[in-house]
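Structural description and commentary
One-letter residues, chain by chain:
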Amino acid sequence: MACAACNAGSSLGLGKSVSSNRTFVKSNLNRFRSSSLSFSFNQFCKESISSPHFALFSSNLRSRPPNLLRFHGFKSFSSTSNDSAETSEERVAVLVIGGGGREHALCYALKKSPSCDAVFCAPGNAGIAQSGDATCITDLDITDSAAVASFCRKWAVGLVVVGPEAPLVAGLVNDLSKAGIPTFGPSSEAAALEGSKDFMKKLCDKYRIPTAKYQSFSNPDEAKAYVKEQGAPIVVKADGLAAGKGVVVAMTLDEALSAIDSMLVQGSFGSAGSRVIIEEFLDGEEASFFALVDGETALPLESAQDHKRVGDGDTGPNTGGMGAYSPAPVLTGDLQSVVMETIIRPTVKGMAAEGCKFVGVLYAGLMIEKKTGLPKLIEYNVRFGDPECQVLMMRLESDLAQALLAACRGQLGQVSLTWSPESAMVVVMASNGYPGSYQKGTLIKNLEEAETVAPMVKIFHAGTGLDADGNFIATGGRVLGITARGKDIQEARDRAYDAAEAVDWPEGFFRRDIGWRALTLKQLV
């Protein structure tokens, strides 16, 4: 099962540091962030923007030498507010690929990074642009590696952060790395950890990583025979990428057989469902575990836990995620050590041994089994989770840009991260009908007021646009991530729900019990 190639971004050269004029850049960035920014790629390339503030900014950004983003020696960091320490850090402009809530959260954290000169997001969305957290490049074709590379060269982008899984599997990181552009994310070969559940399961078998017992099938009759032999409950998964919807937790045989027909016979997920993974049902509590990886070293992030079912009480069909919180009490310090030793590190070593070093963020979906109290790997994602990324970025206090650059350069061993001791929670507001069919274009009002109903509230936009009058409208299923931080999970929850209640969107809904497991555990303790 050896990979076709290893990550092309693991051999970036390092050169001498070139500092930029921080005061000049920061003052002009602050000016041009004061209004919403969303430009087309053609506008950028033709320099047809008339704002004098933007002209000053672009002139300064483009005047930096191309080797600005190389430096001599990496220095560990842990603060975002100590300007006196920034003289030892390189300056960097960052391009975030994607346009959802996860990407908005990444832009938000990068904008706070002391070493970050500018944040671009392609394509971004209306909410990201209006918030001032990034300059959105609306028509940069992120499936065209040459166009992305051209933009990066023109605007002296020194770090690309790929948010969604599709560009990773398609090989965007491979192409940008070959072009000499530091890019955070795995190669297309390493992205198979998420792109093919069959690949991930075989890796687990080979390197003894604990996971659910399984079999894979492309023949529906054989799949059905196996399900009948095993009985229900049982889990049916599409092998490929299915936008978070390719998993059916079948509580009855009829549900399992129907899922097999849907994927293998009716082709409901296209080629992603041409093979299915059927695995044992694990009884326990789910949790999410994240680690930055530089090919050899894994640096764990804070714990988080999401709610995938659409309805209160964890009922109804699976979704991309209806809310999340951090930290996750179920992942104790001891359990996190077990996850690192039995799941994350063996995966990193196994991928390297297969000739396919993993560089990026490993997102392990775990089940803490009720009968053993130990973690098993349910699935891997090869990017930040959504909505878990939102709560992690609310708690991160370190310079995100420098951490991701260190991962690109194989230098995570020199990095330590600082986190807020407070808790964070995100409540997802979705269009009525999600995860099924839903209406687009519905009006959303009162967002600015909602962000001010309590301290430490931030609304991340996942699926918003603007109508002809400049009003926010819903353009997707999951639309808003109402996120808040507080001294504990209860305060974060209260603030998030107060803000969610303040949003005026009759055509939207949200779960009202996000964090119930953490609160129950807290009460028990």
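Overview of the structure. (Residues numbered from 1 in each chain as written. Predicted model: local features only at pLDDT ≥ 70, side-chain atom pairs only at ≥ 80, totals over all residues. Heavy atoms only, no water.)

1. So, the pairing of strand E16 (residues 323-326)
- Neither face of E16 is open: one carries Gly323 and Tyr325, the other Ala324 and Ser326, and all of them are buried.
- As judged from the four bridges shared by E16 and strand E19 (residues 423-431), these two strands associate in the antiparallel manner. Looking at the pairing, serine 326 lines up with alanine 424 of E19. (Buried < 20%, exposed > 50% of the residue type's maximum accessible area, 1.4 Å probe, protein only. Helix = DSSP H or I, 4+ residues; strand = E, 2+ residues; numbered from the N terminus. Pairing = 2+ DSSP bridges.)

2. Let's talk about the sheet that holds strand E7 (residues 214-217)
- An order of E7-E10-E8-E9 is seen for the four strands of this open sheet, with the pairing classed as antiparallel. Bordering the open sheet on either side are E7 and strand E9 (247-250), each of which pairs with just one other strand. Strand-to-strand, the axes of this sheet are offset by a mean angle of 20°, without reference to chain direction.
- As paired elements, strand E8 (residues 234-238) and E9 share four bridges and run antiparallel to each other. Along E9, the bridge assignment pairs valine 235 with valine 249.
- Helix H11 (residues 220-230) rests against E7, E8 and strand E10 (276-280) of the sheet, and its axis sits at about 160° to E7.
- Docked against the sheet, helix H12 (residues 253-265) engages E7, E8, E9 and E10, running at close to 10° with respect to E8. (Axes fitted to C-alpha atoms, helices over the stretch in contact; angles between N-to-C directions. Contact = heavy atoms within 4.5 Å.)

3. Some remarks on the nonpolar core
- Core analysis: the biggest nonpolar cluster contains 56 residues, and Leu95, Val160, Leu193, Leu331, Ile344, Leu377 and Tyr380 have the highest contact counts within it.
- At seven residues, helix H13 (residues 333-353) tops the list of elements feeding residues into this core.
- What leucine 331 contacts, discounting residues up to four positions off in sequence, is Ala287, Ser288, Phe289, Ser303, Gln336, Val339, Leu366 and Ile368.
- Cys121, Ala304, Leu412 and Trp419 belong to the second-largest nonpolar core, a separate cluster that totals 49 residues. (Core = buried A, V, L, I, M, F, W, Y, C linked by side-chain atoms within 4.5 Å.)

4. Digging into the pattern of salt bridges
- Within the structure shown, the criterion is met by 27 salt bridges.
- A salt bridge links aspartate 133 to lysine 458; the shortest N-O distance between them is 2.8 Å. Of this pair, aspartate 133 sits in the loop between helix H5 (126-131) and strand E4 (135-137) while lysine 458 sits in strand E20 (residues 457-461); the two residues are 325 residues apart in sequence, bridging distant segments of the chain. Each member of the pair, aspartate 133 as well as lysine 458, is classed as buried.
- Note that lysine 237 and glutamate 279 form a salt bridge whose closest N and O atoms lie 2.9 Å from each other. With lysine 237 in strand E8 and glutamate 279 in strand E10, this pair connects stretches of sequence that are 42 residues apart.
- The exposure class assigned to glutamate 279 is buried, which follows from its relative accessible area of 5%. (Salt bridge = Lys/Arg side-chain N within 4 Å of Asp/Glu carboxyl O.)

5. Points about the packing of H11 against H12
- Look at H11 against H12: their axes get within 10 Å of each other, and the N-to-C directions meet at 165°. On the basis of their axis angle, the class for H11 and H12 is roughly antiparallel. The two elements H11 and H12 cross, and the hand of that crossing is right-handed. Along the contact surface, H11 presents Pro220, Ala223, Lys224, Val227 and Lys228, while H12 presents Leu253, Ala256, Leu257, Ile260, Asp261, Leu264 and Val265.
- Per-class residue counts for the contact of H11 with H12 are nine nonpolar, no polar and three charged. (Parallel < 35°, antiparallel > 145°, perpendicular 65-115°, else oblique. Left-handed = near helix turned anticlockwise from the far one by under 90°. Nonpolar A, V, L, I, M, F, W, Y, C, P; charged D, E, K, R; others polar.)

6. What about the environment of valine 248?
- Within the element layout of this structure, valine 248 appears in strand E9.
- Linking valine 248 and isoleucine 234, residues 14 residues apart in sequence, is a C-alpha distance of 8.5 Å.
- Ignoring sequence-local partners within four residues, the contact set of valine 248 consists of Ile234, Val235, Val236, Ala259 and Met263.

7. What about the sheet that holds strand E11 (residues 284-294)?
- In spatial order, the strands read E12-E11-E17-E18; together these four strands make up an open sheet with antiparallel pairing. The open sheet has two edge strands with one neighbour each: strand E12 (298-300) and strand E18 (375-381). Strand after strand, the sheet turns through a mean of 35° between neighbouring axes, direction not considered.
- Examined bridge by bridge, strand E17 (residues 359-369) and E18 share six bridges and lie antiparallel to one another. Bridging from a neighbouring strand, glycine 365 pairs with glutamate 379 of E18.

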